[in-house]
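Next come the chains, spelled out residue by residue.
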Amino acid sequence: MCLGIPGRITQTTDVAGVLMGTVDFGGVSRDVCLAYVPQACVGDYVIVHVGFAISLVDEAEAQRTLEILRAMGDALQQELSPEDAPQPISPDRTPA
Amino acid sequence: MNTVDPTLGACPVPLVESEKVMLGHGSGGQLSAELLRDVLVPALGAAASTGVPEDAAVIDVDGVDLVLSTDSFVVSPLFFPGGDIGALAVHGTVNDLAMMGAMPVALAVTYVIEEGFPIADLRRVTASVGAAAAAAGVPVVTGDTKVVGRGAADGIFVTTTGIGRRLPQAHISAAFARPGDVVLLSGPIGAHGTTVLSTRESLGFETEIASDTRALHRLVAAMLADAGPDIHVMRDPTRGGVASALNEIATASQVGIEIDEQAIPVPPTVAAACELLGLDPLHVANEGCLVAITAPDTADALLATMRSLPEALSAVRLGVVVNEHPGRVLMNTLMGGTRIVDMLVGEQLPRIC
Amino acid sequence: MKYLDEYRDPALARHLFDQIHAVTSQPWALMEVCGGQTHTLVRQGIDELLPAGVRMIHGPGCPVCVTPLELIDKALAITQREDVIFTSYGDMLRVPGSTTDLLALRARGADVRVVYSPLDAVRIAVERPDREIVFFAVGFETTAPANAMAVLRAHQLGLPNFSMLVSHVLVPPAMTAILDAPDCQVQAFLAAGHVCAVMGWTEYEPIASRYHVPIVVTGFEPLDLLEGILMAVRQLEAGRAEVENQYARAVRRSGNTEAQDAIRRVFRIGDRTWRGIGIIPASGLTLTEEFSHYDAEQRFAVADLTAREHPACIAGDILKGTRLPTDCTAYGTLCTPRTPLGAPMVSTEGTCAAFYTAGRQPYPVPAIPVRSS
């Protein structure tokens, strides 16, 4: 019961005192109620569930998660097989 | 805990709506197959079905293989980005003939029109039929028009019947797929079905997606000229999508099919619409692409031929035919797992929640 | 799609699988609460790729599945009235009641309409003052703010012809009910990300400490689930029992306060029957006094209905996670998405449907017999 899709706000408007907007989901747009994200602006990403934005996407956090995952791959490489981990080509450096 | 009525235990038959035709019976999935098997074929006799579901019928007339196909078009809305019911009606039947390896020769078009239907719309649909037929080089040679009372039809229903001549190199049937064969797909999937669903105003979506409706007979002719009898099966995955088409072939040929999720070409906006509506792109109707199952040795050359033609610029290799799990289609998922790809069950309802 | 596709990267998934394998030293059983999470796990085959010791128990996170049979029957009774336009999310249409379902009623001429948003149902009420528009308000806390807004909008417009059939359920009471069960095997939870986007995670802190279970607020894409599982397993291996947030890009500890305010104004907490499980105290939402005239159950006095479940259906055990669909004698034979006996086979988020469409054994014979030509 959680089909929440991230989309980008392309415009906002007031309809009878309620903040509404248009959200673009990768080429598909729909009117969305923004009443629950009053701080949202055009250009922000929101999570939309049944026509309502329920959360503002924290883009910095999103990046951080991906970076951690990418770094994980390198770290794991070293942890599991240190002799295979990329080493600088230098005769002075002893392998980890 | 809900009370279970102890006297209920007797009848094991689950709840099934079997007295009335449901929308799902027309959607091209399991329900459609059941309607055909249980209601239609028994009454029409052996000539109505060889037992293998094909897109068109082959009739030998004095040594010439004629191919005959008919289809009704009831799409709503009538006009949508990329096409309309008129273009759909022409392309649909031209393609059904082509899928049996035939060169379409002529079309018949019939209308059932609801009283009150705007003449301007009738002109628009007919202009579309004419343009599509001319572009395909397949003339409309006869037809019929009926008008029914208000409410007795949804605007306009169009039926097209087409006749063609089977090309000599064609040796095609849903039952001819063999282990080792390669599954090719001529282009991106999901555009038509998501366009139509998105355009329905009650769901409120606006998209840049357009239907992929197009005639495929020239592509087929080029493919047959290139690979001839190495092409074992051809099918245009309309209602029920690629999943249903592959399942029908797997069952008819009694083989297994394995496809790679990574290879499935879904345009980004179609993918987005499917996410929002909760649709599986493999179940969405297409009107401008085909699946071909071909012998492995000539597959790469055939793919190159396809990619040289406008109708199949982004043709891909989707998977292979195998000995294992006959009748079933398996998919290697993005994550490295596997799952079965099933036929569409009934009407495709937007999954919202 | 941005903020979606990146979390489906197969290469990053492999890193996560490797990490999970590396940290797992003993068997663990985790439960993911939300049906959307179950859907992803099963359809991508993720649960089958985890280390043999890490078992995913699929929780009752499908509000469609847990809507009480009596309520479905009430919905069906209301739908059959001539003056009613019955509106609903798509998933509810095939859920079997005691004798029929909404889709079958539509085939017989009832006005049943699928809507994307509850505001669409309000719009229909404005357009059709001659009819009674009833909306089936099913969902977890994620959907409650939307359903609340529909009531507030109807109220603002003074609509006399709009009402809701409310079947809202809450996650934390369900979790404690599962943990209290004597046969409970769940050692950690992946909490539902979008429920927490609305409610925050403060309600889960006392649960984590009282029952000593790690709870990780998790998203819905493959990488989210894998990261959530990794975080949970790490806690289990270290003997910790805290609430952590994997879904940081969408969830904050306090949640969405505007949404919570709207929920509190329109709804109050009450006891709720969960189909297949029974009554869980304080686990559901009903309309407050101020908005009680929008309650379709009161507006349409539906006579006492005798709800009868199919005897072969083990939905209750499936929803509690104590049995799998493949344990059920009817699975794949009597009970398929085409002919469902219970809700978990109908809803696309239901565990049984997820299993069936992914082809988990036992698999039925093909539906169409092939005649030799």
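Parameters and conventions
Once a new chain begins, its residue numbering starts again from 1 and follows that chain's sequence as written. Going through the entries in the order they are written, you letter the chains from A and number the ligands from 1. Thresholds applied to this predicted model are a pLDDT of at least 70 for local features of residues and 80 or more for the giving and counting of side-chain atom pairs; totals over whole chains, interfaces and linings are not thresholded and use all residues. The basis for the side-chain values is all heavy atoms of the structure; hydrogens and waters are excluded. By this definition, two strands are paired if DSSP reports at least two bridges between them. Secondary structure elements follow DSSP: runs of H or I no shorter than four residues count as helices, runs of E no shorter than two count as strands, and numbering proceeds from the N terminus. Working convention: axes come from line fits to C-alpha atoms, limited for helices to the stretch in contact. Angles between N-to-C directions cover 0 to 180 degrees. We call two residues in contact whenever any of their non-hydrogen atoms come within 4.5 Å of each other. Buried area: the accessible surface (1.4 Å probe) lost by two parts on joining, summed over both. In what follows, salt bridge is the name for a side-chain nitrogen of Lys or Arg lying within 4 Å of a carboxyl oxygen of Asp or Glu. Counting of polar contacts relies on pairs of N or O atoms within 3.5 Å, with two restrictions inside protein: one atom must be capable of donating a hydrogen and the other of accepting it, and residues adjacent in sequence are counted only when both atoms are side-chain atoms. Note on residue classes: Ala, Val, Leu, Ile, Met, Phe, Trp, Tyr, Cys and Pro are nonpolar, Asp, Glu, Lys and Arg are charged, and everything else, Gly too, is polar. Each residue carries a pLDDT value, the predictor's own confidence for that position, ranging from 0 to 100. Only centres within 6.5 Å qualify two rings of Phe, Tyr or Trp (six-membered ring in Trp) as a pair; their planes then separate them into stacked at under 30 degrees, edge-to-face at over 60, and tilted for everything else. Throughout this description, buried means an accessible area under 20% of the type-specific maximum (1.4 Å probe, protein chains only), exposed means over 50%, and partly exposed covers the range between. Look down the strands so they point away from you; if the path from the first strand over the helix to the second goes clockwise, the crossover is right-handed. Only buried residues count toward a nonpolar core. Its members are Ala, Val, Leu, Ile, Met, Phe, Trp, Tyr and Cys residues joined through side-chain atoms within 4.5 Å. The hand of a helix crossing depends on one turn: near helix anticlockwise from the far one by less than a right angle means left-handed, and clockwise means right-handed. An angle counts as roughly parallel when it lies under 35 degrees, as roughly antiparallel when it exceeds 145, as roughly perpendicular when it falls between 65 and 115, and as oblique in every other case.

Trainee: How do you make sense of the sheet that holds strand β10 (residues 267-274) of chain C when you look at a structure like this?
Mentor: Hydrogen bonds between backbone atoms are what pair the strands of a sheet, whose relative direction is either parallel or antiparallel. Residue and element names in this part refer to chain C. The strand order across the open sheet formed by 6 strands is β4-β3-β5-β6-β11-β10, and the pairing between neighbours is mixed. Among the strands making up the open sheet, the edge pair consists of β4 (112-114) and β10. Strand-to-strand twist in this sheet, taken as the mean axis angle between neighbours without regard to direction, amounts to 25 degrees. Pairing of strand β6 (residues 162-169) with strand β11 (residues 278-287), which is carried by 2 bridges, proceeds in the antiparallel orientation. Its bridge partner being in β11, His168 is matched across the sheet by Leu285.

Trainee: What is the right way to read the interface of chain A and chain C from this model?
Mentor: With 37 residues of chain A at the interface, the matching set in chain C holds 50 residues. Note on chain A versus chain C: buried area summed over both sides is about 3,800 Å², and carbon and sulfur give 67% of it. In this structure, the connection of chain A to chain C is made through 2 salt bridges. The tally of links from chain A across to chain C stands at 13 residue pairs in polar contact (both at pLDDT 80 or more). Elements represented by at least two residues in the side of chain A that touches chain C include exactly β1 (5-15), β2 (18-25), β3 (28-33), β4 (45-49), β5 (52-56) and α1 (59-80) of chain A. Grouping the amino acids of the side of chain A that touches chain C by side-chain chemistry returns 26 nonpolar, 6 polar and 5 charged.

Trainee: What exactly am I supposed to notice about the pattern of salt bridges here?
Mentor: Side-chain pairs of opposite charge can arise whenever the charged atoms involved come near each other. Under the defined criterion, the tally for this structure stands at 28 salt bridges over all chains. One salt bridge in this structure joins Glu61 of chain A and Arg64 of chain A, with 3.3 Å as the shortest N-O distance. Linking Glu61 of chain A with Arg64 of chain A, this pair stays in helix α1, spanning 3 residues, or about one helical turn. Note that Arg113 of chain C is salt-bridged to Asp111 of chain C, the shortest N-O span being 3.0 Å. Because the salt bridges share partners, they merge into one network encompassing Arg30 of chain A together with Asp120, Arg123 and Glu127 of chain C.

Trainee: Is there a simple way to think about the confidence of the model for chain B in this case?
Mentor: Do not read the predicted coordinates in detail wherever pLDDT is low. Per-residue confidence for chain B gives a mean pLDDT of 87, with 89% of residues at or over 70. A low-confidence stretch, residues 1-15 of chain B stays under pLDDT 50, and its non-local contacts, those more than four residues away or across chains, total 27 contacts.

Trainee: Is there a simple way to explain the packing of aromatic side chains in this structure?
Mentor: When we look at a pair of aromatic rings, we describe it by the centre distance and by the angle of the planes. In total, this model carries 9 aromatic pairs over all chains according to the counting rule given. Look at Phe205 of chain B and Tyr116 of chain C: their rings are 5.1 Å apart centre to centre, the planes differ by 65 degrees, and that puts the pair in the edge-to-face class. Of this pair, Phe205 of chain B sits in strand β9 (residues 205-207) while Tyr116 of chain C sits in the loop between β4 and α6 (118-127), on two different chains. Pair check on accessibility: Phe205 of chain B and Tyr116 of chain C agree, each one buried. A ring pair is formed by Tyr331 of chain C and Tyr356 of chain C, whose centres lie 6.3 Å apart and whose planes are at 80 degrees; its orientation type is edge-to-face.

Trainee: What is the right way to read the pairing of strand β8 (residues 215-218) of chain C from this model?
Mentor: Here is the key point about a regular strand: its side chains alternate between the two faces of the sheet. All names here are of chain C. Residue alternation in β8 divides its side chains into two sets, Ile215 and Val217 and Val216 and Thr218, and both sets are buried. Across 4 bridges, strand β7 (residues 188-192) lies against β8 in parallel orientation. Counterpart to Ala191 in the pairing with β8 is Val217. Two elements, β8 and strand β9 (residues 243-245), share 3 bridges in a ladder whose sense is parallel. In the sheet register, Val216 faces β9, and the bridge partner there is Glu244. Handedness of the β8-helix α11 (residues 222-238)-β9 crossover: left-handed.

Trainee: I tried to follow the pairing of strand β8 (residues 182-185) of chain B on my own but got confused; where do I start?
Mentor: All names here are of chain B. In β8, alternate side chains face the same way, and those of Val182 and Leu184 on one face and Val183 and Leu185 on the other are all buried. Taken together, the 4 bridges between β8 and strand β12 (residues 291-294) define a ladder with antiparallel strand orientation. Each residue of the ladder has a partner; that of Leu184, found in β12, is Ala292. Where β8 lies against strand β13 (residues 316-322), 4 bridges are found, and the strand directions are antiparallel.

Trainee: Before we go on, may I ask you to explain the nonpolar core in this structure?
Mentor: Side chains of nonpolar character tend, in soluble globular proteins, to be buried together. Counting residues in each nonpolar core, the largest one holds 138 residues, and the members touching the most others are Leu30, Phe162, Ile215, Ile229 and Phe267 of chain C. Sort the elements by how many residues they give to this core and α11 of chain C lands first, with 9 residues. Beyond its immediate sequence surroundings of up to four residues, Leu30 of chain C is in contact with Val54, Arg55, Met56, Ile57, Ala188, Ile229, Ala232, Val233 and Leu236 of chain C. Residues Ala191, Leu197 and Leu279 of chain B together with Leu4 of chain C belong to the second largest nonpolar core, which totals 30 residues.

Trainee: Looking at this structure, I do not really get the packing of helix α2 (residues 85-99) of chain B against helix α3 (residues 119-136) of chain B. What am I missing?
Mentor: All names here are of chain B. Where α2 contacts α3, the axes come no closer than 7 Å and their chain directions differ by 35 degrees. Taken as a pair, α2 and α3 cross one another with a handedness that is right-handed. Contact residues: α2 offers Ile85, Gly86, Ala87, Val90 and His91, while α3 offers Val125, Ser128, Val129, Ala132 and Ala133. Broken down by class, the residue content of the contact of α2 with α3 amounts to 7 nonpolar, 3 polar and no charged.

Trainee: I would appreciate a short explanation of the packing of helix α2 (residues 35-43) of chain C against α11 of chain C in the present structure.
Mentor: Angle between the axes and distance between the axes are the two parameters that describe a pair of packed helices. Residues and elements named next belong to chain C. The N-to-C vectors of α2 and α11 enclose an angle of 100 degrees; their axes lie 10 Å apart at closest approach. Here α2 lies roughly perpendicular to α11, going by the angle between them. Residues Gln37, Thr40 and Leu41 of α2 lie in contact with α11, whose contacting residues are Pro222, Leu225 and Ile229. In the contact of α2 with α11, the residues fall into 4 nonpolar, 2 polar and no charged.

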